Amino acid sequence: MSFLEVRNVSMRFGGLMAVSDASFDVAEGSITGLIGPNGAGKTTLFAIVSGFQKPTSGQVVWRGAEITARPPHLLAAEGLSRTFQIVQPFAGLSVRENIAVGAFLRHKRRADAIALAEQVAEQVGLTAELDKPAAALTVSGRKRVELGKALATQPKLLLLDEVLAGLNPSEVRDIVPVVRAIRDSGVTVLMIEHVMQAVMNLCESVHVLAQGRIIASGTPAEVVATPAVVEAYLGHGAASRLSGGTHA
Amino acid sequence: MTAKDVWPILLFGAVAALLPVFVTAGTLMNFAIFTLILCLAAQGWNILGGFGGQYSFGHAAFFGTGAYVTAVLQVRYGVNPYVTFLAGIALAALVGWLIGFLSFRSGLRGSYFALVTLAFAEVFRVLSNAVEFTGGAAGLLIPLDQRAANFQFESRGWFYLVVLALVVLALLMTRALERSRLGAQLVAVRENEEAARAVGVDALRVKLSAITLSAAMTGAAGGLYAQYFLYLDSTIAYGAWISVEALLAPIIGGAGTVFGPVIGAVILHTLAEATRMMVGRIPGIDLVIYGILLILVVRFPPRHFASFLWRQFRSYDPDLQIVFILRIRRRRSAQRERR
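Residues numbered from 1 in each chain as written. Chains lettered and ligands numbered in written order. Predicted model: local features only at pLDDT ≥ 70, side-chain atom pairs only at ≥ 80, totals over all residues. Heavy atoms only, no water.

An unreviewed UniProt entry annotates chain B as Branched-chain amino acid ABC transporter permease of Falsiroseomonas oleicola. Turning to chain B, the UniProt record has this under Subcellular location (unreviewed entry): "Cell membrane". (UniProt positions renumbered as here; feature names shortened; annotations may be inferred.)

Chain A is annotated in an unreviewed UniProt entry as ABC transporter ATP-binding protein of Falsiroseomonas oleicola.

A. Seen up close, the pattern of salt bridges. For the structure on display, the rule yields 19 salt bridges over all chains. Where A:Arg82 meets A:Asp161, a salt bridge forms, and the shortest distance between an N and an O atom there is 3.9 Å. Residue A:Arg82 is found in strand E6 (residues 80-82), and its partner A:Asp161 is found in strand E7 (residues 157-161); the two are separated by 79 residues along the sequence. Classification of A:Arg82 by relative accessible area gives buried; the value is 7%. Salt-bridge contacts for B:Arg125 lead to B:Glu122; the nearest nitrogen and oxygen are separated by 2.9 Å. One end of the pair, B:Arg125, and the other, B:Glu122, are both in helix H6 (residues 110-130), 3 residues apart, so they sit about a helical turn from each other. Residue class for B:Glu122 comes out partly exposed when judged on its relative accessible area of 29%. (Salt bridge = Lys/Arg side-chain N within 4 Å of Asp/Glu carboxyl O. Helix = DSSP H or I, 4+ residues; strand = E, 2+ residues; numbered from the N terminus. Buried < 20%, exposed > 50% of the residue type's maximum accessible area, 1.4 Å probe, protein only.)

B. Quick look at the UniProt feature "transmembrane region" (unreviewed entry) in chain B. All names here are of chain B. In the numbering adopted here, UniProt assigns the feature "transmembrane region" (unreviewed entry) to residues 7-25, 31-48, 60-79, 85-104, 157-177, 210-231, 251-272 and 284-301. When the span residues 7-25 is considered, its composition is 79% helix and 0% strand, and the gap between its end C-alpha atoms is 30 Å. Strand forms 5% of residues 210-231 and helix 91%; the C-alpha atoms that close the span are 30 Å apart.

C. The side chain of B:Glu193, seen in detail. Residue and element names in this part refer to chain B. Along the chain, Glu193 falls in helix H9 (residues 193-198). Polar contacts involving the side chain of Glu193 include one to the side chain of Arg109, which spans 3.3 Å. Apart from the residues lying within four places of it in its own chain, the contact partners of Glu193 are Arg109, Ala188, Ala203 and Lys207. (Polar contact = N/O pair within 3.5 Å; in protein donor to acceptor, adjacent residues only side chain to side chain. Contact = heavy atoms within 4.5 Å.)

D. A look at the packing of helix H12 (residues 240-253) of chain B against helix H13 (residues 260-278) of chain B. All names here are of chain B. Close contact between H12 and H13 brings their axes to 7 Å; oriented N to C, the two are set at 110°. With respect to each other, H12 and H13 are oriented roughly perpendicular. Between H12 and H13, the contacting residues are Glu245, Leu248, Ala249, Pro250, Ile252 and Gly253 on the first element and Gly260, Pro261, Ile263, Gly264, Ala265, Ile267, Leu268 and His269 on the second. By residue class, the composition of the contact of H12 with H13 is 9 nonpolar, 4 polar and 1 charged. (Axes fitted to C-alpha atoms, helices over the stretch in contact; angles between N-to-C directions. Parallel < 35°, antiparallel > 145°, perpendicular 65-115°, else oblique. Nonpolar A, V, L, I, M, F, W, Y, C, P; charged D, E, K, R; others polar.)

E. Structural view of the sheet that holds strand E8 (residues 188-192) of chain A. All names here are of chain A. Judged by pairing direction, the sheet is mixed, and its 6 strands sit side by side in the order E6-E7-E8-E3-E9-E10 without closing on themselves. One side of each edge strand has no neighbouring strand; the edge strands of this open sheet are E6 and strand E10 (213-218). Strand-to-strand twist in this sheet, taken as the mean axis angle between neighbours without regard to direction, amounts to 15°. Bridge count for strand E3 (residues 31-35) against E8 is 4 bridges, and the pairing is parallel. Within E8, the position partnered with Leu34 by the bridge is Ile192. Lying over the sheet, helix H9 (residues 227-234) contacts E3, strand E9 (205-210) and E10, oriented at roughly 130° with respect to E10. (Pairing = 2+ DSSP bridges.)

F. Representation of helix H6 (residues 169-184) of chain A within the structure. Residue and element names in this part refer to chain A. Between its terminal C-alpha atoms H6 stretches 23 Å, which fits the 22 Å expected from 16 residues at 1.5 Å a residue. All of the buried residues in H6 are Val172, Ile175, Val176, Val178, Val179, Ile182 and Arg183. The elements touched by buried residues of H6 are E3, helix H4 (110-123), helix H5 (139-152), E7, E8 and helix H7 (196-202). Gly186 lies just past H6 and shows a positive phi near 105°. (Expected span 1.5 Å × (residues − 1).)

Structural data, given as structure tokens:
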């Protein structure tokens with residue numbers, strides 16, 4: 001039994017098949033990557049796994065129980081939490097209050113929630129900004145808030161939707177160890193990511209989605225060597241041209 | 001809640017409780033009682049609209065329900081007014097829950113929610129005007145019987161104190177809400193509902209709790225109104241005037257703050273009374289001026305009047321009054337720069 005299993009999930013929006021018969025597994029305690037070109041359906045797949053959308057067909061199974069289309073707040077209570085690609089801070093609230101909203105999930109008393117929020121803030125490197133309004137942060141700061149909010153719900157599985165997108169290389173270098181530390185604290189991580197440097201660095205296994213289908217799965221090194229993956233990114237025939245180039 | 005959360009409310013209550021000692025003029029007491037009743041209605045709106053971001057345009061539905069239940073049960077069935085008052089609050093809360101259930105269940109937000117609440121209030125107004133037991137268009141008169149056991153007091157001062165006690169209770173409840181998990185989740189829903197759901201907030205449940213509490217408070221205001229003025233008709237109970245005042249007061253004073261509705265209600269009613277007193281000759285001219293003043297107050301509000309005053313007060317050093325003025329100036333120019 002795997003930790004998270006996506007079984008034959010399809011999602012149709014009118015005439016568009018956003019996700020088509022996608023299946024993959026996430027192993028407990030791993031950092032698993034979900035990569036693919038723009039428009040491949042990664043975010044839709046995330047929305048389905050986290051309960052924001054009901055798939056047209058297929059199932060999501062988590063720790064042996066089917067969770068397809070279970071509402072997000074119930075999934076969060078069971079320990080499945082997500083971040084958004086387009087950061088969604090509670091703009092009018094301070095960083096502390098933002099993270100505390102997540103912390104309130106498992107702590108009824110305000111003092112406990114605030115204490116946990118401050119602890120999480122330290123984990124994601126926001127201690128200095130606790131009193132700032134979330135709207136006043138840089139992109140990198142807001143990504144950290146996004147991470148902090150999700151982490152404060154004390155999840156078992158964390159879905160990260162492009163937490164590194166829009167960051168400069170040095171900011172990426174700063175967040176990579178944060179993600180690794182989260183995993184080392186016992187949280188399984190499934191991440192959508194475009195920044196290959198981070199994917200190669202962090203992920204033990206990677207699933208590649210292109211045009212709604214899983215076209216490859218394996219370790220990062222295996223996956224980037226797969227011709228179908230190269231073609232998905234660079235166009236039909238690119239793989240043979242590239243390998244031809246290296247032979248020449 | 002800590003002592004720091006509670007003492008400003010108790011201080012406000014204590015100071016306001018002294019008013020009947022110094023003021024005996026009937027008109028002024030009328031004004032004070034009416035303002036406090038509005039405070040209560042506005043605090044109700046503030047819980048749903050200010051903290052929860054769900055802008056209702058039909059709080060008359062709750063005000064009127066509280067008022068009519070208080071009046072009808074005692075006039076028609078001879079029930080004790082204290083009991084009918086509580087029944088009014090309960091039924092207003094139920095109406096709130098029901099309207100909330102119907103509209104939040106179907107995902108109505110923003111202006112759609114505002115329109116639906118307005119429609120409910122209007123339906124109630126038309127119905128209460130048409131049916132027999134509310135007295136129809138002729139209205140409903142609560143017989144004068146000034147005994148404390150009858151929730152009618154010989155002196156206005158006593159009624160004032162009762163209303164004030166309820167306002168203080170409402171302020172304490174709002175403060176407790178603000179400090180609670182429900183309060184934090186409510187604010188989160190206001191700021192970003194999707195993000196709130198993602199971190200485990202049951203948005204529907206939170207919004208339903210808010211509208212129920214909100215309706216109960218505004219319903220209490222309606223019950224007090226009926227018990228004080230002893231007369232009701234459909235345009236008083238379910239009229240748009242109370243929906244508008246209940247939302248204007250918090251918006252002027254600072255929506256989503258504990259004292260905002262109180263400050264807003266005082267400003268609103270002082271403006272209304274002042275214009276009425278100063279220009280009385282041409283019929284309706286006071287309303288015109290009142291309208292213009294309202295536009296100005298809403299257009300140029302010190303954002304969150306209540307919290308603004310509080311911050312200034314806390315940073316205020318009496319020896320250096322000039323610093324206070326400079327600080328406001330600097331603040332203003334900083335705001336301009338930010339724009």
